[in-house]
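Spelled out from the first residue to the last, the chains are:
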Amino acid sequence: VNKADLKASIDQCLQIGSYAEARALLCELWHKEPTAITAAFVLSRRQCLRESSGLKPMRVRILRSFTVEPVIPIFRAAAAIHGLDLTVDLGGFNTCAQEILEPDSELYASNPDVVFLAMQTRDVAPDLWDGIADLDAAARAASIERVCAWFRNLIRTFRRNSQAHLVVHMLEGPACRSEGILDVQAVESQSTAIRRINQSLRSSAEEHQGVYVLDHEAMVAECGKSQWFDERRWLTARLPFSSQALGYLAAEWLRYVQALSGQLCKVLVTDLDNTLWGGVLGEDGFDGIKIDAEYPGGIYRALQRTLLDLSRRGILLAVSSKNNADDAMRVLNEHPGMLLRPEHFASMRINWNDKAQSLREIAAELNLGIDSLAFLDDNPVERHRVRTELPMVTVLELPEDPAGYAGCLRASPVFERLSVTDEDRLRSSYYVQQRQQRELEQHAGSLEDFYRALDQRIEILPFGQNNRARLAQLTQKTNQFNLTTRRYSEQQLLALAEAPGSSIYGIRAEDRFGDAGIVGLAILKQMDETAEIDTLLLSCRVIGRTIETALLSFLVNEGRAAGARKLQGWFLPTKKNAPAASFYSKHEFTCIEENGSGSLWSLDIECSQVSCPEWISVVRPEGCLAQ
Amino acid sequence: VSDPAILDRTRRIVATVFDIPTDLVLPESSPDNLENWDSIQHLNLVIAMEQEFGIQFTPEEMEQMLSVELIAALLEEKLKGCEATHGR
């Protein structure tokens, strides 16, 4: 299909109100040719994007020392295709210092979400850009320090005056190094000077929340320095780069804006045949598919490596493939060329169903919104189908040549993250454990069989230096299985732990699928003959597995060992803690008081017993009162 | 301009870049009589054509692009030059 026909079809769809179809075609047009003309076309027809998948508004301000105007339509069109409705304001030429330093400036008044500080080396450090040959070592050092201090001051002042995210362009070297091959021989060269400034920029960014750096040099390198710079255009229009460079800058900005927008893809759903491996399993067979270190198998291996990298970044992987499930599972389990194995996938749909249906099921199974899915498939018909049926799913447009698949995925803005926590790195394994549990649940006859097969072990941890951050975080984040929803800071927990009569216990859970980490907390307060449960909570990862009963049994023993005759506790209902509502009644507590905020429950622990489920083994801390 | 198709295509590009209906873009349209044809839009237009045809305009050529007709004529000349150098 040529561009003109595609554009005509889009306009026809818009006329009859088929927005999802228009949107699908518009996405395909954009990926085919992301140019200024396409950008103008996309922006004038972005209504169909708004109607079918919604656009999240974001306000961006660009402080710059060069002409960026021609980049803006491309930036906005690319963002619209990715679900963002950008308002872009530009600062004046070289007025960034005034704008940042003046608290009443338009910069702060415009209340942006993201601010780019796009300064070029030739504007902030002209002596290092083309006058370096004139400078001795001392003058170079002085110049470097001047630039670093200038940036430090701007970043600090910006942070004081604004809540917005700040993205600072690092400095780039010229197309030709001023001192030629001498540059790389010398210790204090032009390249070194620029590198020193960039290192200082990174440290300044690290010192502040919400400040990030952009590797300008790497972006230029992606395009190629000789293709990037256009001196004539710089001298005539203050546009430093060529027409082909614009798209690289727009794409780089979009990566940051997308990562900061919160509109992130959390799951990548991939096809199998001709995507994860070369060939069609049903036709070529186990031994015929291409997946090894040579050509063409290496192309698919590179894609698998990319998926693995994304999974380490916290993005879940899932499979949607039209295939014979047993054959495909055999490849995933046994094929020596595969890098990805079943344990990398949080959900799998290998069947002959419609893929839109499979994607809906995957989202439901993982308990995530369908808009957090991205879809990877070599077949343009499947891609188009998913685009029109589920406009909120991010469908990755792939080049015709499979050799470009991995690069295309790595370049996509939807998987960009500006930070990765330990929790992100482990997320994939948690979800895979849950999938394996669900499979076990389906195979187990009764619920008790399922609990037994889980082989659960919990360890009660005394409050301490090594777990207090996690325990405080649990009180702050746990909403569902939480009896009182009392939020504590680390400092408050510390004070509680030291107060006479109160004890804090953490719970670590493990089962046959792995270690779930510290997933629960209880706070017990002892007063005379009454022990009160101040807090009892479990992460949603482990609810519905009788761990709460094991924990309660432990608390009963603790209370009794400390001389209590009654164990009591409040249930304080919130919008979210319904899963904990029947906890006390299920364990035969009696309601002894009710008021506007909740109910108080009590159990006579002199005569009543709460026994630990036989399928859970409990490890108690040393020095613990209960036996 | 000897090729009417090139004139037509130029008009459509101008209309798309300036976001106005093609009917409003005439051969004699110029920065003097089209309201939003300022220096930044001129740069946008030049870039759009460079990307579309894979060509480059020199600063001297940019100065000659004073109307839609002149732009089309220049485009025609440059595209011929491309064909000649590519031996087509």
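Criteria and cut-off values
Residues numbered from 1 in each chain as written. Chains lettered and ligands numbered in written order. Predicted model: local features only at pLDDT ≥ 70, side-chain atom pairs only at ≥ 80, totals over all residues. Heavy atoms only, no water. Helix = DSSP H or I, 4+ residues; strand = E, 2+ residues; numbered from the N terminus. Expected span 1.5 Å × (residues − 1). Buried < 20%, exposed > 50% of the residue type's maximum accessible area, 1.4 Å probe, protein only. Pairing = 2+ DSSP bridges. Right-handed = clockwise from strand over helix to strand, strands pointing away. Polar contact = N/O pair within 3.5 Å; in protein donor to acceptor, adjacent residues only side chain to side chain. Contact = heavy atoms within 4.5 Å. Buried area = accessible area lost by both parts, 1.4 Å probe. Salt bridge = Lys/Arg side-chain N within 4 Å of Asp/Glu carboxyl O. Nonpolar A, V, L, I, M, F, W, Y, C, P; charged D, E, K, R; others polar. Axes fitted to C-alpha atoms, helices over the stretch in contact; angles between N-to-C directions. Parallel < 35°, antiparallel > 145°, perpendicular 65-115°, else oblique. Left-handed = near helix turned anticlockwise from the far one by under 90°. Arc of directions from axis to C-beta. Phe/Tyr/Trp six-rings, centres within 6.5 Å; stacked < 30°, edge-to-face > 60°. Lys NZ or Arg CZ within 6 Å of the ring centre and 35° of its normal. Core = buried A, V, L, I, M, F, W, Y, C linked by side-chain atoms within 4.5 Å.

## With respect to helix α16 (residues 246-261) of chain A
All names here are of chain A.
- Helix length check: α16, at 16 residues, gives a terminal C-alpha distance of 22 Å against a target of 22 Å (1.5 Å per residue), a fit within 8%.
- The buried count for α16 comes to 13 of 16 residues, which makes it a mostly enclosed element.
- Backbone geometry just downstream of α16 places G262 in the positive-phi region, at approximately 80°.

## Some details on the pairing of strand β8 (residues 345-351) of chain A
Residues and elements named next belong to chain A.
- A large share of β8 lies buried, amounting to 7 of its 7 residues.
- As paired strands, strand β7 (residues 316-322) and β8 are joined by 6 bridges and run parallel to one another. In the strand pairing of β8, L317 is matched with F345.
- Each parallel crossover has a hand, and the one from β7 via helix α19 (residues 325-334) to β8 is right-handed.

## Some words on the side chain of A:H335
All names here are of chain A.
- Secondary-structure assignment places H335 in the loop between α19 and β8.
- On the accessibility criterion, H335 (8% relative accessible area) is buried.
- Within the structure, the side chain of H335 is placed 3.0 Å from the backbone nitrogen of G337, a separation counted as a polar contact.

## Details of the interface of chain A and chain B
- Facing 20 residues of chain A, the contacting portion of chain B comprises 19 residues.
- Between chain A and chain B, the buried area comes to about 1,600 Å², and carbon and sulfur atoms account for 62% of it.
- If you look at where chain A meets chain B, you find 2 salt bridges.
- Across the pair B:E52 and A:K3 runs a salt bridge whose closest N-O atoms are separated by 2.8 Å.
- The leading source of residues in the side of chain A that touches chain B is helix α3 (residues 36-44) of chain A, at 5 residues.
- Residue composition of the side of chain A that touches chain B, grouped by class: 9 nonpolar, 5 polar and 6 charged.

## A word on the sheet that holds strand β9 (residues 373-376) of chain A
Residues and elements named next belong to chain A.
- An order of β8-β7-β6-β9-β10 is seen for the 5 strands of this open sheet, with the pairing classed as parallel. Strands at the two margins of the open sheet, each flanked by one partner only, are β8 and β10 (394-395).
- Where strand β6 (residues 267-270) meets β9, 4 bridges bridge the pair, whose relative direction is parallel. Bridging from a neighbouring strand, V267 pairs with L373 of β9.
- Packing of helix α20 (residues 355-366) onto the sheet brings it into contact with β6, β7, β8 and β9, and relative to β8 it is tilted by some 150°.

## What to know about the packing of α3(A) against helix α1 (residues 4-18) of chain B
- Across the interface, α3(A) lies against α1(B) with an axial gap of 8 Å and an inter-helix angle of 55°. Relative to α1(B), α3(A) is oriented oblique. Handedness of the crossing formed by α3(A) with α1(B): left-handed. When α3(A) is examined against α1(B), the residues A:I37, A:A40 and A:F41 are found in contact with a partner set consisting of B:I13, B:T16 and B:V17.

## Some remarks on helix α25 (residues 468-477) of chain A
Residue and element names in this part refer to chain A.
- Taken residue by residue, α25 has R468, L471, A472, L474 and T475 as its buried positions. Viewed end-on, α25 has its buried residues packed into an arc of 155°, placing them on one side of the element.
- Where α25 is buried, its residues contact β12 (481-482), α26 (490-498), β13 (502-511), β14 (514-527) and β15 (530-538).

## Some thoughts on the packing of aromatic side chains
Residue and element names in this part refer to chain A.
- Across all of its chains, the model carries 17 aromatic pairs over all chains by this definition.
- On the numbers, 5.1 Å between centres and 65° between planes, the contact of W228 with F241 is edge-to-face. Placement of the pair is W228 in helix α14 (residues 225-228) and F241 in the loop between α15 (231-237) and α16, with a sequence separation of 13 residues.
- Owing to a relative accessible area of 2%, W228 belongs among the buried residues under this scheme.
- One aromatic cluster is present, built from ring pairs that chain together F481, F583, Y584, F589 and W601.
- The residue whose ring lies beneath R64 is F93, and the NZ or CZ to ring-centre distance is 4.4 Å.

## A few points about the nonpolar core
Residues and elements named next belong to chain A.
- Counting residues in each nonpolar core, the largest one holds 86 residues, and the members touching the most others are F75, F116 and W253.
- If one sorts the elements of this core by residue count, helix α5 (residues 71-81) sits on top with 9 residues.
- Residues contacting W253, with those up to four places away along its chain left out, are I62, V68, V71, I72, F75, F116, A118, H169 and L214.
- L454, A522, A580 and W601 belong to the second largest nonpolar core, which has 43 residues in total.

## A look at the environment of A:F116
Residue and element names in this part refer to chain A.
- Relative to the assigned elements, F116 resides in strand β3 (residues 114-118).
- Judged by its relative accessible area of 0%, F116 falls in the buried class.
- The spacing of F116 and G563 is 447 residues in sequence and 63 Å in space, taken between C-alpha atoms.
- When sequence neighbours within four positions are dropped, the list of residues in contact with F116 reads V60, R61, I62, L63, F75, V167, H169, L214, W253, Y256 and V257.

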